[in-house]
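Structural overview for review
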Amino acid sequence: MAAAARLRRRLLLAVPCRWRCSFRRGSAACPSAGQIRAAFLRFFEERHGHRRLPSAPVRPRGDPRLLFVNAGMNQFKPVFLGTVHPRSELAQHRRVVNSQKCVRAGGKHNDLEDVGRDTYHHTFFEMLGNWSFGDYFKEEACSMAWELLTEVYEIPKDHLYVTYFGGDPSLGLSADEECRDVWLRLGEVEGNLLPLPQHHVDTGMGLERLVTVLQNKRSNYDTDLFTPILDAIHKGCRAPRYQGLIGDADVGRVNMAYRVVADHVRTLCICITDGIYPGFSGAELVLRRILRRAVRFCSEILQAPPGLLASLVPTVVEVLGDAYPELTRNANQIKDIINENEATFLSSLERGRRIIERTVQQMEPSTNFPAEVAWSLYGSLGFPLDLIDLMLEEKGISLDSTAFNELALEDAKRKAGGPQAEQPGNTNTHLDVHSLAWLQSSNVPATDDSPKYAYTLGQHGQYEFSPCQATVLMLYRGQSLHEEVGAGQRCGVILDRTNFYAEQGGQDSDQGYMIPLGQQDVLFPVESVHLCGGYVIHEVTAVETLRAGDQMQLFVDEVQRLACMTNHTATHLLNFALRRVLGDSTEQRGSHVTAERLRFDFDTKGHVTVEQLQQVEQVVQDLIQKNEVVHMAEVPLTLARRVQGLRAVDEGYPDPVRIVSLGVPVENVLTCDSKAAVQTSVELCCGTLKPTWKPQSTSRVWERHLLQTGSVEDLAIISERQLVKGISRVIAVTGERAKEAREVGQCLAMEVDSVSLRMKQRITSIPEMQNLSKEVGQLTKVVASAAMPQWQRKELQTILKVLQRTANTAVKKLELQQAEKVAQILLAKYCNQPVIIDTVPVDSLSILMKVVNQLCDKSPGTSVLLLSPQASGEVLCACQVSKNCLPVFSAADWAVAVCTKMEGKAGGSPIVAKGSGNAKGMQGALTTALEFAQSKL
């Protein structure tokens, strides 16, 4: 039939020519994107009984493998994998429909680099989907799709091409003729490749491309999903109107810039609404890159004033708000976050542009752009590498990628080393005794680091850090002091004052950069900061000559500082909680705080139990929920040590010393009869806590710091182990990382529950039980390495250990049953013969060995050698020699002779041996086996 000729092996939906689009016959108006989306949802919900579900957030829940939700099926993954908990709401669904928000940027599916270059790639898109979970299958799914396309969307039937799976001979998979026949019966979608316990259907289509078809457009950007945003961009910039040009026709890349900005602002709105903010790792880092890419196109290509990106938010909300009302509720927050990040990047962008311009002017012709300059742009100003490449490409220059990668590798190694990476032997950051003595004898003043406290709490709860102006006092390199250091050299910079926090008190140092006063195009990245003898040493790589007396402006990486501060206060909460749960004898033995996590070492009488870990987390949660004020004061050390219940590490503290108290003012803690330190967290502290000096007070009183306990948001202990007997170490994460850890734990718990339920079913197939055993093993590895609550990890590991033992026992039992059946057949065939040599069909060498063992047990005087050809072309060999034949007859020698004939190998003992070979030599091997046995008997 004519329709059959249009069947293809790849999915294709095409409209070769123009046609009038409407949902009502006779109507001349094209449907809007909102109408198309609504029609899809309404069709499956009302006409075919599907349950309409909301879109899941684009932040994956409990799936550590994904940066973003990138497909409509992500939220239903447990159903398809069979890991869904049978009592969960998800398990009750039979047929559902939704429009899923998706982001493809970063990870396996990454369309970011293609966005703007063509007219159909996007970082954010919507996936319309209808789903059947064990309900209808191919016949109904194809019928519904055909009905939707031809009757609801009124696409002419002769404009549609249908496809089916064409098979794969290399994998032994035949064509999906069932699906082909369904389409042929309809007048005209993928098939399942293997039989499944339940049949599910995942059918869908990208909204953007569907709208393009139904609105008779040649480009996604010409639909009403994008045209209002493109119009808003035009109103806010000085570029000509969008024309849809691509490639060489797009002079100056103006049209590409329109597409990039329109796409990226949609992604920003969706991600920020769903709790993903521009940041420095994972999905947050990708979003930061997206925002900065959009800002650069706004600023440099479209010549738009600052604020254009955020001004587009209301338009995005107008386009998408009906489908995703959470956008409307969060519009102001989205604008604030975009504006805040744009302002930061515009400053960095201008500085980076000047750095590139200046560096290019000083370069020799036909040379690569220096890696160390690119690294400072990348590491300190947050330039994505592709942006650096693009800016250099415009100038016809290449980056020295090899040298850049070496710098990146060196930095990764340094970070991977953690707190141990910076040892006292570091020649650039730790002053040697002679240099320190010279500085002191020369009356070089110690560094004033009080500017590190120069930050305020803004009107909207954000923290504002002030830059600091300083003078270079001396430079340190190669264990000696210098007044000048040349470009390209790494050195320590000693300043008269600094706003950088040096590594101390178990907390990572600040990072950031410094620029010479009046030279905004020269940037020195500050990689680490250390305190030595009162002098703060800033480790930098000199991109230009540095001299004593140079005036510098210092800028701290604010995100890293805030993350460290949060984790530092969380360490106080954790210390208190451990003591509350494990007893007053529990003492801190060390800690380390980074922006990503916190580490806490403490002495303990034994292993921390699962219940105790849960209790510790609960105590911390209670303190967070109470949102206690963090009180601080600086008091004489002798007075501080009299405080009953004070928690302190056995280390040297300054005098006066800082006391941090949660919920109770320090002056109340200091009273002689106070029990406050027993009932709440009261500690000596060396962290990033801000003092407020009151001269009229009898003691140094510290007002409320940025950190109330509620700012921690959440804490999860993701690791606990004994370092040595009596000392344990816990690692914990806070805020979003803690929430993600709990989600991962819940997801893995559901997978373990699913395996447990399947293990209880009666399984008689050895391959099926072996696969289940492998699944338990893989799940065990994932549980061991995933960032999840440690108490939950221990629970799941205990369950998985039992499941693994059960699965292995079941496999052995099934193998033994199969071996017994084969052995019975062979015993009947070779009754009481001294030698048995034969071929048998078994699935594994383990089963073959069991058959041999069964035969020899039931016929003690018999020697046995069995071969088992496999589908792969390999032949398995197993043999056992009767003890009566020793030492003349050796099983190992027998197996070697036989397997050598098959160009294989073998080994074992005089009694039992095994091996393998090639099937081509099997007949000759059987002859060799018989001849060998006859020569020994």
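Residues numbered from 1 in each chain as written. Predicted model: local features only at pLDDT ≥ 70, side-chain atom pairs only at ≥ 80, totals over all residues. Heavy atoms only, no water.

**Examining the overall build of the protein**
Along the backbone of the protein there are 27 helices and 28 strands. In the protein, buried positions account for 51% of the 937 residues. Just so you have it, the protein exposes about 42900 Å², and 50% of that area is on carbon and sulfur atoms. (Helix = DSSP H or I, 4+ residues; strand = E, 2+ residues; numbered from the N terminus. Buried < 20%, exposed > 50% of the residue type's maximum accessible area, 1.4 Å probe, protein only. Areas by Shrake-Rupley, 256 points an atom, 1.4 Å probe, with all protein chains shown as cover.)

**Notes on the sheet that holds strand β28 (residues 912-918)**
A sheet is described by the order of its strands in space; here five strands give the open sequence β24-β25-β26-β28-β27, paired in mixed fashion. Edge positions in the sheet fall to β24 (835-839) and β27 (905-908), since each of these pairs with one other strand and no more. Each neighbouring strand pair of the sheet contributes to a mean axis angle of 10°, computed without reference to strand direction. When strand β25 (residues 863-869) meets strand β26 (residues 874-880), the two strands line up antiparallel, connected through six bridges. Each bridged residue has a counterpart across the sheet, and for valine 864 the counterpart in β26 is glutamine 880. Where helix α25 (residues 845-858) meets the sheet, it contacts β24, β25, β26 and β28, and its direction lies at approximately 30° from that of β26. (Pairing = 2+ DSSP bridges. Axes fitted to C-alpha atoms, helices over the stretch in contact; angles between N-to-C directions. Contact = heavy atoms within 4.5 Å.)

**Comments concerning the packing of helix α10 (residues 313-320) against helix α12 (residues 331-362)**
It is the contact of α10 with α12, at a shortest axis distance of 10 Å, that shows an interaxial angle of 140°. As the angle between them shows, α10 and α12 are arranged oblique. Between α10 and α12 lies a crossing whose hand is right-handed. Along the contact surface, α10 presents Val313, Pro314 and Val317, while α12 presents Ala331, Ile334, Lys335 and Ile338. Counted by class, the contact of α10 with α12 contains six nonpolar, no polar and one charged residues. (Parallel < 35°, antiparallel > 145°, perpendicular 65-115°, else oblique. Left-handed = near helix turned anticlockwise from the far one by under 90°. Nonpolar A, V, L, I, M, F, W, Y, C, P; charged D, E, K, R; others polar.)

**A look at the packing of helix α3 (residues 138-152) against helix α4 (residues 177-186)**
Two quantities define a packed helix pair, namely the angle between the axes and the distance from one axis to the other. It is at 10 Å that the axes of α3 and α4 come closest, and there the two elements cross at 40°. For the element pair α3 / α4, the angle class is oblique. As for the relative orientation of α3 and α4, their crossing is right-handed in sense. For the pair α3 and α4, contact is made by Lys138, Glu139, Cys142, Ser143, Ala145 and Trp146 and by Glu178, Cys179, Val182, Trp183, Arg185 and Leu186, respectively.

**Observations regarding the confidence of the model for the protein**
Across the protein, the average pLDDT comes to 84, with 87% of residues at or above 70. Between the elements of the protein, mean pLDDT differs from a low of 30, seen in strand β21 (residues 700-702), to a high of 97, seen in α10. Throughout residues 189-194 the model reports pLDDT below 50, and contacts reaching past four residues in sequence, or to other chains, amount to 14 contacts. Segment residues 418-425 is flagged for pLDDT under 50; beyond a separation of four residues in sequence, or across chains, it makes eleven contacts in the model. (pLDDT = per-residue confidence, 0-100.)

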